[in-house]
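Breakdown of the fold
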Amino acid sequence: AAKVPLVVALNKIDLGDQNKLKIYGQLTEHGLTPSGDWGGEVDVIETSASTGAGITELVEHLAELSSLLELKADASLPAHGTVIEAQTKAGVGSVAHILVQEGTLRVGDFVVCGNASGKVRAMLDDRAKRLSEAGPGIPVEVWGLDDVPAAGDSLYAVENTPRAKEIAAETKRMRGEESRVQS
């Protein structure tokens, strides 16, 4: 949904190759045709979390890919990121997993994210450790949105809550119109 290049880390290679063709076929069914012999555009890096095999190759591949694509970000700008997934979490409310792409996202920032808006109440990293800020390239779990955004939605830091609510309401209205036109 986000229209970004994908790299698949194929885990558990230490258990053998018996399921490798099946997994490649399943990736192809989802429009993620592996590169190499399969002729696709999705790079598949074989890894093993238990033995550590392939992890260095994965990190090197991602570094090379970011260099080739000239991925650079300015941490001084207002935060901008993309929703990887979102859900409602019991006791917390709407939670969005965001990859920060530009700027620095801070706890207390006012944000708009698709049809959702709010103030960042808390941010957690991939190890559930609380963060006060997250710069470019950092994946975070964001708490404080008033609705669940969709995967691929963009998150933007804005100056205040009324502005965030205004943008979210306009997005919701536009999506409603698009839905009616399609049906």
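Report follows, based on the coordinates. The model shown is predicted, which means the values in this text are computed figures rather than measured ones.

1. With respect to the side chain of Glu141
Structurally, the position occupied by Glu141 is in strand 10 (residues 139–145). Among the polar contacts listed, one links the side chain of Glu141 to the side chain of Lys89, at a separation of 2.9 Å. Excluding anything up to four places from it in sequence, Glu141 contacts Lys89, Val95, Ala96, His97, Ala122, Met123 and Leu124.

2. Side note on unusual backbone geometry
Here Lys12, not a glycine, exhibits a phi torsion of approximately 65 degrees, which is positive. Residue classification places Lys12 among the exposed positions, given a relative accessible area of 53%.

3. Quick notes on a nonpolar patch on the surface
Among the surface-exposed residues, Leu68, Leu69 and Leu71 lie close enough to one another that they form a single nonpolar patch of about 330 Å² accessible area. Position of Leu68 among the secondary structure elements: in helix 2 (residues 55–68).

4. What about helix 2?
When the terminal C-alpha atoms of helix 2 are compared, their 20 Å separation across 14 residues agrees well with the 20 Å that a helix rising 1.5 Å per residue should span. Once helix 2 ends, the next one or two residues include Glu70, with phi positive near 50 degrees.

5. Description of the nonpolar core
Core analysis: the largest hydrophobic core is formed by 17 residues, its most contacted members being Ile98, Leu105, Met123, Val140 and Val142. Of all the elements in the fold, those that place two or more residues in this core are strand 4 (93–102), strand 6 (110–113), strand 7 (116–124), strand 10 and strand 11 (154–158). Here Val140 is in contact with Ala96, His97, Ile98, Val100, Leu105, Met123, Leu124, Leu131 and Ala134, once residues within four sequence places are set aside. The next biggest cluster of nonpolar side chains, apart from the first, holds six residues, and it includes Val8, Tyr24, Leu27 and Val44.

6. A closer look at the pairing of strand 11
For a regular strand, side chains alternate in direction, first toward one face of the sheet and then toward the other. Judged from the three bridges that link them, strand 3 (residues 80–89) and strand 11 form a sheet pairing that is antiparallel. The residue of strand 11 that forms the bridge with Gly81 is Leu155. As paired strands, strand 6 and strand 11 are joined by four bridges and run antiparallel to one another. Among the inter-strand pairings, Val111 is bridged to a residue of strand 11, identified as Ala157.

Each value, and the rule that gives it
- Residues numbered from 1 in each chain as written.
- Predicted model: local features only at pLDDT ≥ 70, side-chain atom pairs only at ≥ 80, totals over all residues.
- Heavy atoms only, no water.
- Helix = DSSP H or I, 4+ residues; strand = E, 2+ residues; numbered from the N terminus.
- Polar contact = N/O pair within 3.5 Å; in protein donor to acceptor, adjacent residues only side chain to side chain.
- Contact = heavy atoms within 4.5 Å.
- Buried < 20%, exposed > 50% of the residue type's maximum accessible area, 1.4 Å probe, protein only.
- Patch = residues over 30% accessible without salt bridge, like charges linked within 9 Å, V, L, I, M, F, W, Y side chains within 5 Å.
- Areas by Shrake-Rupley, 256 points an atom, 1.4 Å probe, with all protein chains shown as cover.
- Salt bridge = Lys/Arg side-chain N within 4 Å of Asp/Glu carboxyl O.
- Expected span 1.5 Å × (residues − 1).
- Core = buried A, V, L, I, M, F, W, Y, C linked by side-chain atoms within 4.5 Å.
- Pairing = 2+ DSSP bridges.

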